[in-house]
Amino acid sequence: MNLAAMDPKNYDAQLQQKRIKLEQAFADFNPPALEIFASEPMHYRMRAEFRMWHEGDDLYYYMFDKALNAKVRCDQYLPAGLLINQMMAAIIEELKPNPALRHKLFQIDFLSTLSGEILVSLLYHRQLDDEWREQATQLKAKLATQFNINIIGRARKQKIDLDKDFVVESLTVNQQTLQYKQIENSFTQPNAKVSVKMLEWAIDATKQSQGDLLELYCGNGNFTIALAQNFNRVLATELAKPSVDAAQYNIAINKVDNVQIIRMSAEDFSDAMAKKRQYRRLEGIDLDSYNCNTIFVDPPRAGIDPETLKLVQGYERILYISCNPETLKDNLLTLSETHEISRFALFDQFPYTDHMESGVLLVRK
């Protein structure tokens, strides 16, 4: 993390550099004009993690600055949302004089929402006891007069939830409110306002769709729920059990009735679709009944494996969200044999870093 680079005055310039870099990297694929979705220049992150430094009676957050090759004290953090910054100040003052809560505390994680909920995870190099639980309960009660807060304690092979281990986010997407259960230690989009722009772009890119949608790597149903309105049915896969549980919860609270979630890896699902293997998890699901002309993929940084890439290539329209332009480019070398890019977007999820989130809509040639 280069803390000195985080200057809102430089935001527009760094976004332009990303635009140029992305356009140059994909020029060989002859994409249409790049659609650019900017971030807020400050207070845009809904989650943050800080190491803790103990110095006599003092206790403070720090981060490691690669440019300085040193740890830097962080009493406040410009990228983090206002709610996180407020909580950083409030909780540290309560922890400093409390031996039961600060002893061997080495990290604090924050997960916040635009809707006002915040989850604070306290991580320790010791086992937590009844005294910790009692003091943490009192801390939560005190902070609850100002914040909608939940607290979790973590140590090796130990996790204590005082109430719950998730928050529920509310996002306004095209004047519609969508709610999402976001679980501690599970993946969520860190930049909520840019996430809304991504959802609106994906809805717009698929608004003329027909038939059903197949989605791989659906996570907690972030895109699934937003895109369901454009299709007759949605069949979605996800391997991580906490994400599948969150997706089912989110389907229910958003009253979406045309989505089926399957807990499978993309690789196993590709084998099932190719009739290479049969899986008990697919019992009662008639894959042949789905009329999927469109497939949506939002893979991990490693991109799409070769077998799944063959499956993806079989669809008329491919919506691909990528957190890694290098693996997207590599996958497009294969996909561009049969498809061409009709929409191309840059979503600045991570200002002041080299990370770029991008999206392409591919249609069969």
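Predicted model only: the values in this text are computed from it and were never measured. (Residues numbered from 1 in each chain as written. Predicted model: local features only at pLDDT ≥ 70, side-chain atom pairs only at ≥ 80, totals over all residues. Heavy atoms only, no water.)

J.: Help me out: how do you make sense of the sheet that holds strand β16 (residues 339-347) in this one?
T.: Sheet strands pair by backbone hydrogen bonding; their relative direction is either parallel or antiparallel. Strand order in the open sheet formed by eight strands is β1-β16-β17-β15-β14-β11-β12-β13, with mixed pairing between adjacent strands. The open sheet terminates on both sides in strands that have one partner only, identified here as β1 (35-37) and β13 (259-263). Each strand of the sheet is rotated relative to its neighbour by a mean of 15°, with strand direction disregarded. Where helix α10 (residues 325-335) meets the sheet, it contacts β15 (317-322), β16 and β17 (357-364), and its direction lies at approximately 160° from that of β15. (Pairing = 2+ DSSP bridges. Helix = DSSP H or I, 4+ residues; strand = E, 2+ residues; numbered from the N terminus. Axes fitted to C-alpha atoms, helices over the stretch in contact; angles between N-to-C directions. Contact = heavy atoms within 4.5 Å.)

J.: So what exactly am I meant to see when it comes to the state of the cysteines here?
T.: Think of a disulfide as a covalent bridge from one cysteine sulfur atom to another cysteine sulfur atom. Scanning all chains against the criterion turns up zero disulfides. Left unpaired, Cys-218 is separated from the closest cysteine sulfur, that of Cys-292, by 14 Å. There is no disulfide at Cys-323, and the cysteine sulfur nearest it, in Cys-218, is 16 Å away. (Disulfide = S-S within 2.5 Å.)

J.: Before we go on, may I ask you to explain the sheet that holds strand β7 (residues 148-155) in this structure?
T.: With respect to topology, seven strands assemble into an open sheet ordered β4-β3-β2-β5-β6-β7-β8, the strand pairing being mixed. In the strand order of this sheet, the two ends are held by β4 (70-73) and β8 (158-161), each with one partner. Recorded for the sheet is a direction-independent mean angle of 30° between the axes of neighbouring strands. The pairing of strand β5 (residues 105-112) with strand β6 (residues 117-124) spans seven bridges and is classified as antiparallel. Note that in β6 the partner of Ile-108 across the bridge is Leu-122. Lying on the sheet, helix α2 (residues 82-95) is in contact with β2 (47-55), β3 (58-65), β5, β6 and β7; it crosses β5 at an angle near 145°.

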